[in-house]
Each structure stands twice: as structure tokens, then as C-alpha cells.
Amino acid sequence: MERNSSKRDSSGNNEETSLDCDRRQHIRDRSIGTHSRTIVESPLESLVACHECDLLHEKIEIEVGSVARCVRCDATLYVNKKNSIDRALAVGVAALIMFVIANCFPFLKISVSGNSQSMSIVSAVFALSGEGLWMLALVSFGFILLFPLIRMAGLLYILLPLRFNRRLPRVEFVFRSIVYLSPWSMTEIYFFGAIVALVKLASMANIELGYSFWAFALLNILTAASLQMIDNHSLWEYISEAKRRSLENEAGEDDDTSGNEGYGKEEGRDFGVTV
Amino acid sequence: MLTAAQCGLVACPACGTITRLSIERLDAPPKCQLCFARLHSRKPMSIQRSWAWLTAGILAYLPANIFPIMVTTVFGDSEPNTIIGGFFVLWEMESYLIAIVVFLASVVVPVLKFLAVSYLLISIQRRFQHSKYDRTRLFRMTEFIGRWSMIDVFVVAILAALVQIGSVAQIDPGIGATAFGATVIFTMLSALALDPRLLWDDKPAEGNRIDHRQSVNPNRDAQPTELVATGQRYE
Ligand SMILES: [Zn+2]
Ligand SMILES: [Zn+2]
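This text gives an overview of the structure that appears in the document.

1. Notes on the nonpolar core
The biggest cluster of nonpolar side chains holds 128 residues, and the ones touching the most others in it are Leu-159, Phe-175 and Tyr-190 of chain A. Among the elements that line this core, the one with the most residues is helix α4 (residues 134-163) of chain A, at twelve residues. Sequence-distant contacts of Leu-159 of chain A, that is, excluding residues within four places in its chain, are made with Ile-85, Ala-88, Leu-89, Ile-230, Leu-235 and Tyr-238 of chain A. One finds Ala-49 of chain A together with Leu-9, Ala-11 and Ile-18 of chain B within the second-largest nonpolar core, a separate group that totals ten residues.

2. Overview of the sheet that holds strand β7 (residues 206-209) of chain A
Pairing within the open sheet is antiparallel, and its three strands lie in the order β6-β5-β7 (chain A). Where the open sheet ends on each side, the last strands, each with one partner, are β6 (115-119) and β7 of chain A. Put simply, the sheet's adjacent strands are angled 20 degrees from each other on average, direction ignored. Here four bridges tie strand β5 (residues 108-112) of chain A to β7 of chain A, and the two strands are oriented antiparallel to one another. Within β7 of chain A, the residue paired with Ile-110 of chain A across the bridge is Ile-207 of chain A. Seen against the sheet, helix α5 (residues 151-162) of chain B touches β5 and β6 of chain A and runs at an angle of roughly 135 degrees to β6 of chain A.

3. Quick look at helix α4 (residues 132-145) of chain B
Think of an α-helix as turning once every 3.6 residues; residues three or four places apart then point the same way. Residues and elements named next belong to chain B. Its 14 residues place the ends of α4 20 Å apart at the C-alpha level, agreeing with the 20 Å of an ideal helix rising 1.5 Å per residue. Where α4 is concerned, the buried positions are Lys-132, Arg-135, Thr-136, Phe-139 and Thr-142. The arc that holds every buried residue of α4, seen down its axis, measures 120 degrees, which confines them to one face. Exposed side chains of α4 directed beyond 90 degrees from the buried face belong to Met-141 and Phe-144.

4. A few points about the packing of helix α2 (residues 85-104) of chain A against helix α7 (residues 211-229) of chain A
Residue and element names in this part refer to chain A. At their nearest, the axes of α2 and α7 sit 8 Å apart, and the two run at 155 degrees to each other. Regarding the angle of α2 to α7, the classification is roughly antiparallel. Along this stretch, α2 crosses α7, giving a crossing that reads as left-handed. Note on element contacts: α7 touches α2 through Ser-212, Ala-215, Phe-216, Leu-218, Leu-219, Leu-222, Ala-225, Ser-226 and Met-229, opposite Arg-87, Ala-88, Val-91, Ala-94, Ala-95, Met-98, Phe-99, Ile-101 and Ala-102. Taken together, the residues of the contact of α2 with α7 break down into 15 nonpolar, two polar and one charged.

5. Section: the pairing of β5 of chain A
Strand residues, when the strand is regular, have side chains that alternate between the two faces of the sheet. Residue and element names in this part refer to chain A. In β5, alternate side chains face the same way, and those of Leu-108, Ile-110 and Val-112 are buried while those of Lys-109 and Ser-111 on the opposite face are not. Taken together, the five bridges between β5 and β6 define a ladder with antiparallel strand orientation. Paired with Val-112 across the strands is Asn-115, a residue of β6.

6. Examining the coordination of the zinc ion (ligand 2)
Residue and element names in this part refer to chain B. Around the zinc ion (ligand 2), the protein contributes the donor atoms Cys-12 (SG), Cys-15 (SG), Cys-32 (SG) and Cys-35 (SG), which lie 2.2 to 2.4 Å from the metal centre. Because the angles between the four donor atoms bound to the zinc ion (ligand 2) fall within 100 to 117 degrees, the donor set is best described as tetrahedral. Spacing between the donor residues of the zinc ion (ligand 2) along their common chain follows C-x2-C-x16-C-x2-C. On the criterion of sequence distance, the pair formed by Cys-15 in the loop between β1 (9-11) and β2 (18-20) and Cys-35 in the loop between β2 and α1 (46-66) is long-range, its members being 20 residues apart. What makes Cys-35 buried here is its relative accessible area of 0%.

7. Concerning the sheet that holds strand β3 (residues 70-74) of chain B
All names here are of chain B. One open sheet holds the four strands; their spatial order is β4-β3-β6-β5, and the pairing between them is antiparallel. Every other strand in the sheet has two partners, leaving β4 (77-81) and β5 (164-165) as the edge strands with one partner each. With five bridges joining them, β3 and β4 adopt antiparallel strand pairing. Bridged to Thr-72 within β4 is Glu-79.

8. Section: the coordination of the zinc ion (ligand 1)
Each donor-metal-donor angle in an ideal tetrahedron of four donors is 109.5 degrees, and each such angle in an ideal octahedron of six donors is either 90 or 180 degrees. Residues and elements named next belong to chain A. The coordination sphere of the zinc ion (ligand 1), as far as protein atoms go, consists of Cys-50 (SG), Cys-53 (SG), Cys-70 (SG) and Cys-73 (SG), spread over 2.2 to 2.4 Å. For the zinc ion (ligand 1), the four donor atoms in the first shell make angles of 98 to 116 degrees at the metal, a pattern classed as tetrahedral. For the zinc ion (ligand 1), the single-chain donor residues occur in sequence as C-x2-C-x16-C-x2-C. Of this pair, Cys-53 sits in the loop between β1 (47-49) and β2 (56-58) while Cys-70 sits in the loop between β3 (67-69) and β4 (76-79); the two residues are 17 residues apart in sequence, bridging distant segments of the chain. The same class applies to Cys-53 and to Cys-70, which are both buried.

9. Regarding the packing of aromatic side chains
The relation between two aromatic rings is expressed through the spacing of the ring centres and the mutual angle of the planes. As enumerated under the stated definition, the model contains 22 aromatic pairs over all chains in all. Ring geometry for Trp-91 of chain B versus Tyr-96 of chain B: centroids 4.6 Å apart, planes at 65 degrees, classification edge-to-face. The exposure class assigned to Tyr-96 of chain B is partly exposed, which follows from its relative accessible area of 38%. Site record: aromatic cluster; members linked through ring pairs are Phe-107, Tyr-190, Phe-191, Phe-192, Phe-213, Trp-214 and Phe-216 of chain A together with Trp-148 and Phe-154 of chain B. In this structure, Arg-163 of chain A is placed above the aromatic ring of Phe-164 of chain A, and the distance from its NZ or CZ to the ring centre is 5.3 Å. The lysine or arginine in question, Arg-170 of chain A, covers the ring of Phe-173 of chain A, its NZ or CZ lying 5.0 Å from the ring centre.

10. Here we look at the pairing of β4 of chain A
Here β3 of chain A runs beside β4 of chain A; their pairing, made up of three bridges, is antiparallel. Paired with Val-67 of chain A across the two strands is Val-79 of chain A, which belongs to β4 of chain A.

What counts, and where the lines are drawn
- Residues numbered from 1 in each chain as written.
- Chains lettered and ligands numbered in written order.
- Predicted model: local features only at pLDDT ≥ 70, side-chain atom pairs only at ≥ 80, totals over all residues.
- Heavy atoms only, no water.
- Core = buried A, V, L, I, M, F, W, Y, C linked by side-chain atoms within 4.5 Å.
- Buried < 20%, exposed > 50% of the residue type's maximum accessible area, 1.4 Å probe, protein only.
- Helix = DSSP H or I, 4+ residues; strand = E, 2+ residues; numbered from the N terminus.
- Contact = heavy atoms within 4.5 Å.
- Pairing = 2+ DSSP bridges.
- Axes fitted to C-alpha atoms, helices over the stretch in contact; angles between N-to-C directions.
- Expected span 1.5 Å × (residues − 1).
- Arc of directions from axis to C-beta.
- Parallel < 35°, antiparallel > 145°, perpendicular 65-115°, else oblique.
- Left-handed = near helix turned anticlockwise from the far one by under 90°.
- Nonpolar A, V, L, I, M, F, W, Y, C, P; charged D, E, K, R; others polar.
- Donors = N, O, S within 2.8 Å, 3.2 Å for Na, K, Ca; no water.
- Tetrahedral: all angles 85-135°; square planar, octahedral: opposite > 155°, others 65-115°.
- Phe/Tyr/Trp six-rings, centres within 6.5 Å; stacked < 30°, edge-to-face > 60°.
- Lys NZ or Arg CZ within 6 Å of the ring centre and 35° of its normal.

This is the structure we're talking about:
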């Protein structure tokens, strides 16, 4: 472990203190590893910092389905998920349909000695709207319905235009909303809550599962599948890939007639994520 | 081993893109050039905010256990149920699995979360140098499992919505449910405020300003990094 000291060092120094925010600046003069003392001169795009310990890594190509982990803390840095955008879209649309169905039909139905009562998913929110509970009702509404809906709709907002080589405004904002809301989307917890409630009541009353219950179960499976297909990072890869290509296209069209040709070629391309 | 902060770089929390911090933007909080998320080398005021949310969570946990989370009325007889009471009822009904789930979600997880986050915060403040890896794993677990405590609130909400059968039986949510929900939300916020990268920092690096200055004069004496060497370029 030895730093390379030479002219390169001082020039690198100057560059680092030259204070412009050029993303293409290189990190110089860092010897890497104990064995290979090559100089890292990688553009910032080829670096990835661990989000849990901040360690810098150089991105490497990994096989499809494999995971790049931080060498120090084992956190997942990125995953190579080579899914077509069509599949992700299909799952997204299916999840949205299930969400609508789950909210249109009764969720559970209880009957005790001739009396019966049914509830929908939203009823649980309304049941909390009593005195001193309205705040809980409000956040529950967010956790069960609003945030999951925003995630699903946002995903479609991002992916659908990409599928047709178009760009809608404020994609970045939608992306960030999805990222920041993801811990607060709790449909799966609500589902397990329903199962606990079922077990509690099973011995005392007769309970029927409504259509909504099954739709909701499917919704959770689809959500899990969708998270498996596109995590936040690969979603961003889709977006930036599309940005890059549209920039290339613009440049190509400015250039010459070859722009058209390039465009046609791009259209057939799969949206594979290669990190 | 070099961190992004030591090189004057910062990774976007949303999209992961790496940006170089510059002195010109010292006063304005820098934003990711690609997705426009706010950039912080370390979450600002991480320790303080985390302690504050954690304290709020612990305080809310007391009324959550004292007040009933729901009131059951069967043929006119009202009976308040506390969190612990609900567990015993399930245990007597011999649905042990569900009883254990409820006990885990409502007692074990919140209490362990209080302890874990406190320990992590103290370890950062005291600058413990040992078992950084294990503490990171502890953090990851806390972050993952904390939200599942919300299951208790949802159970109460579902029961209250379903069991409204005239004179036969009725379940109403109690004020304890609000307190418990607050506990869960506050502890989640506490874990979100806690920046795990502080566990690995040798020097306390808090807030943007300090990091900016560090970025202008990156720590030149830092140990050479151990990047994954490949020579492959990203195109
Ligand atoms: Zn790491
Ligand atoms: Zn970003």
C-alpha cells in the first residue's frame, strides 16, 4: 500500500482543489489493492459508494442475477437485473388492476348468529376515525392506500413512456417520491394483520373471505415480484439509459441523416440493465 | 480503504450517482445533477434527530401499554384490551403461533429497537472502533423489522371495522392504538435519521458544512484505497 508520488500527484492535487464540479474529473493517485498498484483514473460514473459505509468501489460488470456487495460491510451495492421493460410493465399494470379490484369488493365478511357485517380495505381506515384516533387513521390511509398507489402509478408513469421512447416531465421527482416513500408502503403488513385478525375471530364467528381478500393477496405477490424486478437503482438505470439514448439521438439528428437510422436501431433494443 | 467523503465525493441517496462537492456551492445545499435529490455526505444532524425521534418513541410507548388499544363489547359488557392483554387472550385460546407473532410485534420488536438504536447512537458518540460490521448488521435489521410492528395497529383497525354486529359484539379502537402507532412511526423515523456511515467514520463528520470543507482539502494522509480492481470501464 503505497501512494504514487510524482508529478501526477501534484497535478491531481491541483485538479481536486480547482473546485469545478465537472463530473468527468478523475480520481487520481490512488493505488488500489495491495497487489496491483495501478493508478485509479476512473470517471465518476464508474464509481459507486456504499450507502451504508461510504466506501468507494469501482463498478465492475457482474453476471445477470448476481449482486455486487460492499467489501467492507456487505451491503448490496447494485444488482444486475436483466429484465425487459415489458415484463416490469406487465407486472405493474397487473398490480394496479389488483389494487382497484381489492378496493371495489368486500374484504372480509363476518356472520354471528344470523347477523352479518362486511368490511372493505378502506373501512379499517374509517374505523380508526374516532376521537383521538384521526391522526392514526390519516397515516394508516397513507400506509395502506395512498403510498402504495403512488408507487404503482409512479412506476407506470416512468416505465410507460420509456417503453414508447418518450419522456414525460418531472420523471426525477416521481422517481424520488418512489424512493422516499418505499419504507412507508405497508400493504403486506396490512395483509398479515388481516390474517391475525382472522385467527382471533375464527373461533367465535364465521368469517368469509371476499374477492378483495384474494385480489389483495395477489397485489402483495405482484408488488414483491415488481420489487424483485426493479429496485430503485435499476429503475434509475432505466431512466438514465433512456436519457442517454435520447441525447445520442438528438446529437445524431443534428449530425446527419444517419440520425434516423440510429433511431430505428434503438427501437428494437431491449431495456436490459447493465451496470 | 477510501470513503467517498475522504475523496470529496458524495453519493446521491436516491439514484446513487457520485458527485464532486465544490466550495462554490458551500452555502446552497448541493443537489444531484441527475435526479435533483438533496446531497449530504452524511445525513445532517443525524445523531440529534435520531435521539429525538427515539425519545419520542419511548415516551409514546408508555401510554401505548397503559391505555387500551381496543375495547371489546360482547352483549353489552365492555372490556378494555391492552397490548399485553391481547397476547394473553390469544395464548389462552391456544393459538400460540399468532400469540407469539403479536408478542414479537408489540413488545419484543419495539423494545429491542429502542435498545438497538440507543446502542448504535452511543457507539457513534463514543466512537467505538470495534465490531463495526456487526453494528451495521444490527442497523440493517432494525431498519428492516421496525415497520412490521405496525401490524398491531392494523389488526385493531380491521377488528374494529369488522366486528360491529349490533347488540351482539362490537370492537372499538382505543387511544392506546394511537400511542402505539406513534411509537412505531417515531422509531422508524429514528432509524431513518440514523446514518450508518457514521458507524465507520474515524472522525465525526456531521452536517454538510464540515464535509464541504473536507472536500476542499481531502484527507491526503488517508490510507490508499482498496477498490475492486478490474480495469473495466463503464460506458
Ligand atoms: Zn459498505
Ligand atoms: Zn441522484
